[in-house]
Amino acid sequence: MRKKIAVIGGGAAGMMAALQAARAGADVELYERNDRVGKKLLATGNGKCNFSNTEMSVHAYYGSAVSLYDTLFPIFGVKETVDFFSQEGMLIKDRNGYLYPASEQASTVQDILRYALEQSHVSIYTEAKVETIMPLEDGSFQIKVADKKNDARPECYHAVIIACGGKAAPKTGSDGNGFILAKKLGHHVTPVVPALVQLRCKEEFLKSVSGVRSNAELTLFIDEKEKYCVQGELQLTDYGISGIPVFQFSREAAYALLQNRRVTVAINFLSQFTETEYVLFWQNRWKKLEECEHQSGKAEETLEQFLTGIANKKINQLVIRLAGCKPLEKAATLKRAQREKIEKLYRNLIVTVQAANGFEQAQVSAGGVEAGELYADTLESRIVPNLYFAGEIIDMDGICGGYNLQWAWTSGYIAGRAAVGRK
């Protein structure tokens, strides 16, 4: 007898799980609360869908499920993902390890999966929200579905895969309903916070540099202790800091704030210099200024003129103000303490983080179903037999660069095959 399997959630993990279960010989029904499957995929990679990364590593992930990495990724990792999409007809573009569809359209990935589901005869129910999952004595399940097209109706299945995401981007359907379902079935969910998200800071001076983008090195401090250091394009906003380097440690900041700990970020706008090179750079700058004091037309050089070319003009103006100086005062008249403050500000501008932006702005959420409650090689529940989990609902999240989608493909593949009894 063919197994009948329900997959709850039509995102990346859910579609992969449904497809693999169907190809392994099951009758599969996929429930998606949106009006179409794969809606969240369309926003990934700025619409280009960075679906994986050749530089795969356990160090790109966080959460309790990191302990499962060495078991799961050798089964279905980057190579298998590339082979899968290639065999489905998708050309792939490699940008320094970041993998995209050659079309550079997220809709390509969505369509590839949608067509594959149709060809595998997966029944897809959209605008359908699963309200309850009830385990039966024989090991099967009865689920109750409320949808806009029909009245609430119960259905029975041999196995259920919960893949309805976390809490990030709730408008795409990930509103935390999966966690509610998991808890009702006896699972524990670690605290869930926004990840890959902007950080809000208390400093009012950020309004003066809003809109500035600058390559910088950012160091995260929690209770004055260094926790993370990353370099990349920083985006300054009127409320705080953004950009990929900020996203990479935003989950750490969010968890620290949840524990009422002090969170600060040190910004180094001139990280291209070593410490020794930086000292020599300024020594030469000030020396040249002093030498030019007696030359016609240079004696009147203002501080604003002197700093031109060091960084973005708005950053230069901010440094001048924070150093207690004025843009039009003569640069050569600055006292040593003022010069040292200017030098320090370019390399160590401190901002105090007050909050992470909400789930509405987050690309993923951190936290979820604890890995210790799942079998490592199948992602089956240790609490409820024939119940499986895949994707963001599990306590594992990755940094930017295609890692979270790779987790969706990996966990979806494994849960889908395991639910049918295939590895």
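Residues numbered from 1 in each chain as written. Predicted model: local features only at pLDDT ≥ 70, side-chain atom pairs only at ≥ 80, totals over all residues. Heavy atoms only, no water.

Caption draft 1: Region of interest: the overall build of the protein. Helix and strand content of the protein: 11 helices and 21 strands. Structurally, the protein occupies a C-alpha span of about 95 × 45 × 40 Å along its principal axes. Looking at the protein residue by residue over its 423 residues, the buried ones come to 54%. Residue pairs at least 24 apart in sequence account for 71% of intrachain contacts in the protein once pairs closer than 6 positions are excluded. In the structure as shown, the protein presents an accessible area of about 19,000 Å², 48% of it carried by carbon and sulfur atoms. (Helix = DSSP H or I, 4+ residues; strand = E, 2+ residues; numbered from the N terminus. Buried < 20%, exposed > 50% of the residue type's maximum accessible area, 1.4 Å probe, protein only. Contact = heavy atoms within 4.5 Å. Areas by Shrake-Rupley, 256 points an atom, 1.4 Å probe, with all protein chains shown as cover.)

Caption draft 2: Just the packing of aromatic side chains, in detail. All chains considered together, the criterion is met by 19 aromatic pairs. Centre to centre, the rings of tyrosine 61 and tyrosine 403 are 6.1 Å apart; their planes meet at 90°, and the pair counts as edge-to-face. Note that tyrosine 61 is positioned in strand E4 (residues 61-62) and tyrosine 403 in helix H11 (residues 403-420), a separation of 342 residues in sequence. Residue tyrosine 61 shares its accessibility class with tyrosine 403, and that shared class is buried. Seen in terms of ring centroids, tryptophan 282 and tyrosine 346 are 6.0 Å apart; in terms of plane orientation they differ by 25°. Their pairing is stacked. Here the residue tryptophan 282 occupies a position in helix H7 (residues 275-292), and tyrosine 346 occupies one in helix H10 (residues 336-347), the gap between them amounting to 64 residues. Tyrosine 346 matches tryptophan 282 in its accessibility class, with the two residues each being buried. (Phe/Tyr/Trp six-rings, centres within 6.5 Å; stacked < 30°, edge-to-face > 60°.)

Caption draft 3: Spotlight on the nonpolar core. Membership of the largest hydrophobic core comes to 147 residues, with the highest contact counts inside it found for Ile133, Val160, Ile162, Ile241, Ile267, Tyr346 and Trp409. No other element matches H11, which puts 11 residues into this core. In this view, tryptophan 409 contacts Ala12, Met16, Leu41, Phe51, Phe76, Thr81, Phe85, Val109 and Leu113; residues no more than four positions away in its chain are not counted. (Core = buried A, V, L, I, M, F, W, Y, C linked by side-chain atoms within 4.5 Å.)

Caption draft 4: Examining H10 more closely. When the terminal C-alpha atoms of H10 are compared, their 17 Å separation across 12 residues agrees well with the 16 Å that a helix rising 1.5 Å per residue should span. Taken together, the buried positions of H10 are occupied by Arg339, Ile342, Leu345, Tyr346 and Arg347. Buried residues belonging to H10 abut strand E17 (263-268), H7, helix H8 (303-307), helix H9 (313-322) and strand E18 (349-356). (Expected span 1.5 Å × (residues − 1).)

Caption draft 5: How the structure looks around the packing of helix H1 (residues 12-23) against H11. Viewed as axis vectors pointing N to C, H1 and H11 meet at an angle of 30°, and their least axial separation amounts to 7 Å. One element, H1, and the other, H11, form an angle in the roughly parallel class. As for the relative orientation of H1 and H11, their crossing is right-handed in sense. Only Leu405, Ala408, Trp409, Ser411, Gly412, Tyr413, Gly416, Arg417 and Val420 of H11 make contact with H1, whose side of the interface consists of Ala12, Ala13, Met16, Ala17, Gln20, Ala21 and Arg23. (Axes fitted to C-alpha atoms, helices over the stretch in contact; angles between N-to-C directions. Parallel < 35°, antiparallel > 145°, perpendicular 65-115°, else oblique. Left-handed = near helix turned anticlockwise from the far one by under 90°.)

Caption draft 6: Quick peek at the sheet that holds strand E13 (residues 199-201). Here we have 6 strands rolled up into a closed barrel, ordered E13-E16-E15-E14-E17-E18, and antiparallel in their pairing. The mean angle between the axes of side-by-side strands here comes to 45°, regardless of whether they run parallel or antiparallel. Looking at chain direction, strand E14 (residues 213-222) and strand E15 (residues 225-236) are connected through 10 bridges and run antiparallel. Its bridge partner lying in E15, arginine 213 is registered against glutamine 235. Of the strands in this sheet, E13, E14, E15, strand E16 (240-242), E17 and E18 touch helix H6 (residues 244-258), which is tilted by about 135° from E15. (Pairing = 2+ DSSP bridges.)

Caption draft 7: Spotlight on H9. Those residues of H9 that fall on the buried side of the exposure criterion are Ile315, Asn316, Leu318, Val319 and Ile320. Buried-residue contacts for H9 involve E14, H8, H10 and E18. Its side-chain oxygen at 2.8 Å from the backbone nitrogen of lysine 314, asparagine 312 defines the N-terminal cap of H9. (Polar contact = N/O pair within 3.5 Å; in protein donor to acceptor, adjacent residues only side chain to side chain.)

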